[in-house]
Amino acid sequence: MAGADFPLFESIGYLVRDAHRAYLRAMQMRVADTEVTMGMWFFLRILWQEEGITQRDLSRRIRMMEPTTVTALRLMERRGLVRRERDVHDRRRSLVYLTDRGRALRHELLPCAAETNIAAIDGLASCEIDALRELLVRVIANLDRDIAERGADPEVVEDEIADRGS
């Protein structure tokens, strides 16, 4: 579609981005009293499910470039939320573990996420919520396939684009 014939508010990309930003604002308001930033939240969310994973695996799961992950983990270490240890089988790899403090935040922050999700779906029927989830998963899969077909890694392209300021 030509730009003039494609209003901004009809763009799925714009609407998803706007919804994501609104979600982050609502979530950040709920966690403002903690030392956790929204950037840290995504790492904590993964680590609450599985500790002792490599920085590379953590980056891939969150779809961030490794240098961005390293910067975030340094801040999280300074705040006493995580610790990194060299892998005893491969000294080139660092494994990421939660501290007791990082683990304890789960009980404080997951209810904030649940509240934010409840606010986000207010007024939607359960079939609409199920459809929304299904459609978003399909959109992500479609875009990942498109990126892969163009010869790039779908898990890192997002951060590379952001790094270029696009």
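As shown above, the structure is provided for reference.
In this report, the structure presented in the accompanying data block is examined. (Residues numbered from 1 in each chain as written. Predicted model: local features only at pLDDT ≥ 70, side-chain atom pairs only at ≥ 80, totals over all residues. Heavy atoms only, no water.)

According to the stated counting rule, one finds 16 salt bridges in the structure shown. Across the pair Glu115 and Arg30 runs a salt bridge, and its minimum N-O distance is 3.2 Å. With Glu115 in helix H5 (residues 100-120) and Arg30 in helix H1 (residues 12-31), the pair connects residues that are 85 residues apart, well separated along the chain. Note on Arg30: relative accessible area 31%, which makes it partly exposed. Sharing partners across several salt bridges, the network here consists of Glu35, Arg79 and Arg101. (Salt bridge = Lys/Arg side-chain N within 4 Å of Asp/Glu carboxyl O. Helix = DSSP H or I, 4+ residues; strand = E, 2+ residues; numbered from the N terminus. Buried < 20%, exposed > 50% of the residue type's maximum accessible area, 1.4 Å probe, protein only.)

The topology assignment puts Ile118 in helix H5. Looking at Ile118, the relative accessible area reads 58%, which means it is exposed. Here the alpha-carbon distance between Ile118 and Ile46, two residues 72 residues apart in the chain, equals 21 Å.

Between two aromatic rings, the relevant description is the distance of the centres plus the angle of the planes. All chains considered together, the criterion is met by two aromatic pairs. Taken together, a centroid distance of 5.6 Å and an interplanar angle of 75° make the contact between Trp41 and Trp48 edge-to-face. Trp48 matches Trp41 in its accessibility class, with the two residues each being buried. (Phe/Tyr/Trp six-rings, centres within 6.5 Å; stacked < 30°, edge-to-face > 60°.)

So, about the sheet that holds strand S2 (residues 82-86). Two strands in a sheet stick together by hydrogen bonds in their backbones, pointing the same way (parallel) or opposite ways (antiparallel). Pairing is antiparallel in the open sheet, where three strands are placed in the order S1-S3-S2. Bordering the open sheet on either side are strand S1 (53-54) and S2, each of which pairs with just one other strand. Across five bridges, the pairing between S2 and strand S3 (residues 94-98) is antiparallel. Pairing of Arg83 across the sheet is with Tyr97, part of S3. Contacts from helix H4 (residues 66-78) reach S2 and S3, with the element oriented near 115° to S2. (Pairing = 2+ DSSP bridges. Contact = heavy atoms within 4.5 Å. Axes fitted to C-alpha atoms, helices over the stretch in contact; angles between N-to-C directions.)

All right, on to the pairing of S3 then. The buried fraction of S3 amounts to four of the five residues, a majority that puts the element mostly inside the structure. Relative to S3, S1 is paired through two bridges, and the arrangement is antiparallel. Looking across to S3, one finds that Ile53 is bridged to Val96.

Interaxial distance between H1 and helix H2 (residues 38-49) falls to 10 Å at its minimum, and their mutual angle equals 90°. One element, H1, and the other, H2, form an angle in the roughly perpendicular class. Two secondary-structure elements touch here, H1 through His20, Leu24, Met27, Gln28 and Val31 and H2 through Met38, Trp41 and Phe42. Class assignment of the residues belonging to the contact of H1 with H2 gives a composition of six nonpolar, two polar and no charged. (Parallel < 35°, antiparallel > 145°, perpendicular 65-115°, else oblique. Nonpolar A, V, L, I, M, F, W, Y, C, P; charged D, E, K, R; others polar.)

Our focus in this paragraph is unusual backbone geometry. Although it is not a glycine, Arg63 sits at a positive phi angle of roughly 65°. Residue position: Arg63 is located in the loop between helix H3 (55-62) and H4.

Turning our attention to the side chain of Gln55. Looking at the element boundaries, Gln55 is found in helix H3. Not counting residues within four places of it along the chain, the set of residues in contact with Gln55 comprises Thr69, Val70, Leu73, Arg84, Ser94 and Val96.

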